[in-house]
Amino acid sequence: MSEIFGGQRLSFRNTGAIRIGALLIVCMISAGLFLMYSSQNYKIGFPLDDAWIHQTYARNLIQLKQWVYVPGEVSTGSTSPLWTLLLSVGYWFQQTLPYFWTYALGILGLFGVALAGERIFAQWNNNGSRALPLAGLFLATEWHLIWGAVSGMETILFAFMILAVFACLVQTKPQYLLAGTLIGVACWVRPDGITLLGPAFFILILMPIRNKEKLKKGLFLIACFSVIFGGYLLFNYLLGGAILPNTYFAKQAEYASLLNQPLWKRFSSLAALPAIGAGSLLIPGFLVALWKSIKQRDWNMLALFLWWAGDTAIYALRLPVSYQHGRYLIPAMPVIFIIGLIGTSQILKVQYTHNRIVWAFGKLILVSLIAVQLIFGIKGATAYAEDVAIIESEMVETAFWLNENTEVDAVIAVHDIGAIGYFSQRQLLDLAGLVSPEVIPFIRDEARLAQYLEENKASYLVTFPDWYPELVDQRIPVFQTDSAFTRRAGEKNMCVYRWND
């Protein structure tokens, strides 16, 4: 068993096509498990209201030929233009809910993560084309990543872009031209992609080549990146008047109060997210890999670690939120998993005759990894099903009520605009500032929000009662959902309040 990660005993007899096919099948099964749990628990859907924001932009792009959330109002409420464009392809083929297309994109993203992760892993373990792709299998069955794949969000696509960049960088002969191109594309998925320039130049500067060659490669990298990233900045500026999307500013303003916590506490809470699950068993391997990389001056491995630590630190400084299973940090998790898997494989290679204690410890880790991965796969599927049920029974249910029971020209003020924007077909005032950026300066000032609603002739206010206690004070709901899923989670049901007659 000590040779499993090295690929000596458990191996495929045929070509790498079997490995690739096996990973794709596992990704489909993993995603299918989550979707099955969701369907049996309540219904198929998305676990985040934000997923419907992307769907609304995508639908309007095809139907209206405009980049708009609210018809007639151009906006940059989509953090991920590339993801929205990919989703829009589904509306070429069908005008109804494109669940199949969205889930298919997510599964392909998970498959890409597994393939790229396996390739990076192989750089340190000399995996041949016949070795069982255990790193890829780990990533394909890790519950955070599966959740991201079927979330309807760009999460898994961004995770794939990150690993694709590192796969270019950690080769014996790094592909800087391609890496620069991919980093530029990654920014179209999330603006965080620009951070990948850090490890790219870190590896380039420390490469044992002549300075003239370094300069040449660096110029190629930055040129490829700049062309694509410049297009992204121009896209945002032309649509919204700023080089970054509204969501970049809105989310930070909404959660600014969290910055009052000590920085070490914010960082540690975010850094611990990958350990919720089988990732916790990779900690010994992570420490082994990190120690060896420092000792051997393995700059590629250190680049992986420093990027992950830096990315986590940026979120700790600007957006220290860990809710919804760490949705913002999920794309970075495969990087830390790969480091842990590389170190774990080194532990497993220790022979019984060399060190019995380490040998036994390695076997314990291997068995525990399999067991915990399966357990958290079920737990993750259950959590996903509950997340979907809450969104479907609250936001989607409310959206249908608004569509059927409010005036066609009603103006709806709402914090979560996703499903309501998609299904209600009403004019919206976005209290979260994603498509109403003028709200951002006073996003938490309820007195100013009330004035804003009056100035913009809001007809209804849609919110959870405890989100805006001053706005809903003395107001009686005209509609309230009756979701047991939300109450079971310890929250109150969503309400619709009449604001102006």
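Up top is the structure.
Residues numbered from 1 in each chain as written. Predicted model: local features only at pLDDT ≥ 70, side-chain atom pairs only at ≥ 80, totals over all residues. Heavy atoms only, no water.

Chemist: I'm lost on the pairing of strand β4 (residues 427-430) in this one. Help?
Modeler: The side chains of a regular strand alternate, residue by residue, between the two faces of the sheet. As paired strands, strand β3 (residues 411-414) and β4 are joined by four bridges and run parallel to one another. In the strand pairing of β4, Ile 412 is matched with Leu 428. Note on the crossover from β3 through helix α18 (residues 418-423) to β4: the handedness is right-handed. (Pairing = 2+ DSSP bridges. Helix = DSSP H or I, 4+ residues; strand = E, 2+ residues; numbered from the N terminus. Right-handed = clockwise from strand over helix to strand, strands pointing away.)

Chemist: Quick question: what am I supposed to make of the nonpolar core here?
Modeler: Most often, soluble globular proteins keep nonpolar side chains buried together rather than apart. If you look at the biggest cluster of nonpolar residues, it comprises 139 residues, and the most contacted ones within it are Trp 52, Ile 120 and Phe 166. Top element by residues in this core is helix α7 (residues 155-169). It accounts for 13 residues. Ignoring sequence-local partners within four residues, the contact set of Phe 166 consists of Ile 120, Leu 196, Pro 199, Ala 303, Leu 304, Trp 307 and Val 335. Val 411, Leu 429, Leu 431 and Leu 449 belong to the second-largest nonpolar core, a separate cluster that totals 18 residues. (Core = buried A, V, L, I, M, F, W, Y, C linked by side-chain atoms within 4.5 Å. Buried < 20%, exposed > 50% of the residue type's maximum accessible area, 1.4 Å probe, protein only. Contact = heavy atoms within 4.5 Å.)

Chemist: So what exactly am I meant to see when it comes to the packing of α7 against helix α14 (residues 299-318) here?
Modeler: When two helices pack together, their arrangement is given by the angle between the helix axes and by the axis-to-axis distance. At a closest axis distance of 11 Å, the pairing of α7 and α14 adopts a crossing angle of 155°. Here α7 lies roughly antiparallel to α14, going by the angle between them. Where α7 crosses over α14, the handedness of that crossing is right-handed. Of the residues in α14, those touching α7 at Ile 162, Phe 166 and Leu 169 are Asn 300, Ala 303, Leu 304 and Trp 307. A class-by-class count of the residues in the contact of α7 with α14 yields six nonpolar, one polar and no charged. (Axes fitted to C-alpha atoms, helices over the stretch in contact; angles between N-to-C directions. Parallel < 35°, antiparallel > 145°, perpendicular 65-115°, else oblique. Left-handed = near helix turned anticlockwise from the far one by under 90°. Nonpolar A, V, L, I, M, F, W, Y, C, P; charged D, E, K, R; others polar.)

Chemist: Even after reading the chapter, I still don't get helix α8 (residues 176-189), so can you show me in this structure?
Modeler: Because an α-helix packs 3.6 residues into every turn, residues spaced three or four apart end up facing the same way. Taking 1.5 Å per residue as the helical rise, α8 with its 14 residues ought to reach 20 Å, and the 20 Å between its terminal C-alpha atoms agrees with that figure. For α8, a buried count of 10 out of 14 residues is recorded, marking the element as mostly surrounded by other parts of the structure. Those residues of α8 lying buried are Tyr 176, Ala 179, Gly 180, Leu 182, Ile 183, Gly 184, Ala 186, Cys 187, Trp 188 and Val 189. (Expected span 1.5 Å × (residues − 1).)

Limitation: the analysis is restricted to geometry and does not speak to function.
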